[in-house]
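# Survey of secondary and tertiary structure
The residues making up each chain are set out below.
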Amino acid sequence: MSSYTLTYFPVKGRCGALKMMLADNGQQLKENLVSIEDWMKGDLKGSCLFGQLPKLEDGDLVLYQSNAMLRHLGRKHDAYGKTVCEASRIDMMNDSVEDLRLKYIKMIYQEYDTGKEAYCKDLPNHLKPFECILSKSKSGFLVGEKISFADYNLFDLLLNHKTLCSTCLDSFPALKSYVDKIAARPKVKALLECESFKKLPINGNGKQ
Ligand code: GDS
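Residues numbered from 1 in each chain as written. Predicted model: local features only at pLDDT ≥ 70, side-chain atom pairs only at ≥ 80, totals over all residues. Heavy atoms only, no water.

### Observations regarding the packing of aromatic side chains
- Counted under the stated rule, the structure contains 3 aromatic pairs.
- Residues Tyr80 and Phe149 carry aromatic rings whose centres are separated by 4.7 Å and whose planes lie at 75° to one another, so their mutual orientation is edge-to-face. With Tyr80 in the loop between helix H4 (66–76) and helix H5 (84–110) and Phe149 in helix H7 (residues 149–164), the pair connects residues that are 69 residues apart, well separated along the chain.
- On the basis of relative accessible area, Phe149 is assigned to the buried category, the value being 0%.
- What links up through ring pairs into an aromatic cluster is the set Tyr8, Phe9 and Trp39.
- Taking NZ or CZ as reference, Lys12 lies 5.1 Å from the ring centre of Phe197, over its face.
- Just above the ring of Phe141 sits the side chain of Lys181; from NZ or CZ to the centre is 4.2 Å. (Phe/Tyr/Trp six-rings, centres within 6.5 Å; stacked < 30°, edge-to-face > 60°. Helix = DSSP H or I, 4+ residues; strand = E, 2+ residues; numbered from the N terminus. Buried < 20%, exposed > 50% of the residue type's maximum accessible area, 1.4 Å probe, protein only. Lys NZ or Arg CZ within 6 Å of the ring centre and 35° of its normal.)

Spelled out as structure tokens, the structure:
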């Protein structure tokens, strides 16, 4: 079994989906948690290819960029579709999840106090396409018959949004049952209930 090592701040942040995918596949993860104080010293930042975390090590492979990590794990653990066309559709879905994540991060880190209300009001417009896709999906996943890395990513982001606005899925029955179904997968459930995961804040600035 590969052993993965993740270096990141003590937050869920951009690594929630990755941890869920590894847990769901019975993979072990070693974590190096980096405090802001240590990060501010600059040595680690200077050693990171793009000056940022997370960093994932898989043997000799060192990866930066959380979505590249999800794709790598998707390829390794059969969570990247059955065909080239499925893989491309999974990429498309993940890019849309990333679009929403970037909006979420901008609101959280730059305009939480002034922008949260407008963000929540506009949220249904961003959730609707996912609802539409899932309501037509026979498997209950975004693409094909199996869970993919884009599902873990969307699931993680939906959990963040439920914390932000507890009623945000009320008018989206397919998304609601999607979240319930993934949350009930035994290994995902175990991770979500594990103290070391639960205690991590969602974001680094304490806003959620
Ligand atoms: N595209 C990368 C990925 O997906 O992995 C983004 C990685 C990233 O943003 N890492 C952040 C980091 O290492 C931690 S996530 N920050 C330390 C640094 O830059 O020195 N990110 C945009 C995004 O996620 O797309 C952010 O907005 C992060 N904010 C969220 S925390 C600034 C400050 O103190 O305000 N120096 C840094 C704020 C910041 O990084």
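### Quick notes on the site of the ligand
- Within the structure, the ligand sits among 13 residues, and Arg14, Lys45, Leu53, Gln65 and Ser66 are positioned closest to it.
- Separating an oxygen atom of the ligand from a side-chain N or O atom of Lys45 is a distance of 2.8 Å.
- Coverage of the ligand by the protein amounts to 61% of the 760 Å² it exposes when considered alone.
- Here the element with the most residues in the shell around the ligand is H5; it accounts for 3 residues.
- Its residues placed into classes, the shell around the ligand shows 8 nonpolar, 3 polar and 2 charged. (Near = heavy atom within 4 Å. Polar contact = N/O pair within 3.5 Å; in protein donor to acceptor, adjacent residues only side chain to side chain. Areas by Shrake-Rupley, 256 points an atom, 1.4 Å probe, with all protein chains shown as cover. Nonpolar A, V, L, I, M, F, W, Y, C, P; charged D, E, K, R; others polar.)

### Notes on the nonpolar core
- Within the largest apolar cluster, 64 residues are counted, with the highest numbers of intra-cluster contacts made by Tyr104, Leu127, Leu142, Leu154, Leu158, Leu175 and Tyr178.
- If near-sequence neighbours (up to four positions away) are discounted, Leu175 is found in contact with Leu127, Phe130, Glu131, Leu134, Leu158 and Leu169. (Core = buried A, V, L, I, M, F, W, Y, C linked by side-chain atoms within 4.5 Å. Contact = heavy atoms within 4.5 Å.)

### Side note on the sheet that holds strand S1 (residues 3–8)
- Strand order across the open sheet formed by 4 strands is S2-S1-S3-S4, with mixed pairing between neighbours. On the outer flanks of this sheet lie strand S2 (28–33) and strand S4 (61–64), each paired with one strand and no other. Neighbour to neighbour, the strand axes of the sheet diverge by 20° on average, direction disregarded.
- With 4 bridges joining them, strand S3 (residues 55–58) and S4 adopt antiparallel strand pairing. Looking across to S4, one finds that Leu56 is bridged to Leu63.
- Sheet strands touched by helix H1 (residues 16–24): S1 and S2. Its angle to S2, the strand with the most contacts, is close to 150°. (Pairing = 2+ DSSP bridges. Axes fitted to C-alpha atoms, helices over the stretch in contact; angles between N-to-C directions.)

### Describing helix H6 (residues 112–136)
- In a regular helix each residue adds 1.5 Å, so 25 residues correspond to 36 Å; H6 covers 34 Å between its end C-alpha atoms and thus fits that length.
- Largest kink in H6: about 40°, centred on Asp122, with the proline Pro124 one to four residues after it.
- The complete set of buried residues in H6 reads Tyr112, Gly115, Tyr119, Cys120, Leu123, Leu127, Phe130, Glu131 and Leu134.
- In this structure, the buried side of H6 is in contact with H5, H7 and helix H8 (173–183). (Expected span 1.5 Å × (residues − 1). Bend = angle between axes of the 7 residues up to and from the residue.)

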